[in-house]
Amino acid sequence: MKLNTRFLVITGLIILAILTRLLPHPSNFTAASAVALFGAAYYDKKIMAFLVPITAVFISDLLLGGLYKGAEWVYASYIVIAALGFMLRSKATIFRIGLLSVISSICIYIISDFGVWLGTMYPHTWQGFVACYAAALPFLRNWMLGDLFYGGLLFGIFYLAQLKMPTLQKQRVK
């Protein structure tokens, strides 16, 4: 694969955003979902939209102490979020970025907490299911705020960078 300036800038932004996970931050206020949306919106090759953001999150998880119980559910969420991010390829407006950021947070909440419920922490009953999701609600708020903040930051920085450096704009096929 030919490494071009656009690829390097997108990858650099993803790495910088993920490195913020290593800094002190409120619980679940991270860039993890935002990089999945961002990568899907801007990488030219769809495989890179999945590979780079998820690899960056994986490496940061290793640096933070390794994989945790239920990580496969969280990573499944990132795959879904990256697939959602393809909707931003045609037009990444503030409204669409915000909406998909909120939807991303809800995806993490639904998918990862389903994995928690399937684990041994809650009984496999309707009451256990409801209790699991109710207990996770406080985490959803910070996840949503993080997605909105980092999504706005990533998309905003790249938008401004494209204005300054036209080589970052996607080349249109004639």
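In the block above lies the structure referred to throughout.
To keep things clear, this report deals only with the structure shown in the data block.

1. Comments concerning a nonpolar patch on the surface
Next, step 1: Taken together, I15, L16, L19, L22, F58, I59, L62, L63, L64 and L67 make up a surface patch of nonpolar side chains, about 920 Å² in accessible area.
Next, step 2: For the nonpolar patch, the element with the most residues is helix 3 (residues 46–63), which contributes 4 residues.
Next, step 3: Relative to the elements of secondary structure, L16 occurs in helix 1 (residues 5–19).

2. Some words on helix 4 (residues 71–85)
Next, step 1: End to end, helix 4 covers 21 Å across 15 residues, agreeing with the expected 21 Å (1.5 Å per residue, within 8%).
Next, step 2: Among the residues of helix 4, those classed as buried are A71, V74, Y75, S77, Y78, I81, A82, L84 and G85. Along helix 4, the residues classed as buried sweep out an arc of 165 degrees about the axis, all on the same side.
Next, step 3: Elements that come into contact with the buried residues of helix 4 comprise helix 2 (32–42), helix 3, helix 5 (94–118) and helix 6 (126–164).

What counts, and where the lines are drawn
Residues numbered from 1 in each chain as written. Predicted model: local features only at pLDDT ≥ 70, side-chain atom pairs only at ≥ 80, totals over all residues. Heavy atoms only, no water. Patch = residues over 30% accessible without salt bridge, like charges linked within 9 Å, V, L, I, M, F, W, Y side chains within 5 Å. Areas by Shrake-Rupley, 256 points an atom, 1.4 Å probe, with all protein chains shown as cover. Salt bridge = Lys/Arg side-chain N within 4 Å of Asp/Glu carboxyl O. Helix = DSSP H or I, 4+ residues; strand = E, 2+ residues; numbered from the N terminus. Expected span 1.5 Å × (residues − 1). Buried < 20%, exposed > 50% of the residue type's maximum accessible area, 1.4 Å probe, protein only. Arc of directions from axis to C-beta. Contact = heavy atoms within 4.5 Å.

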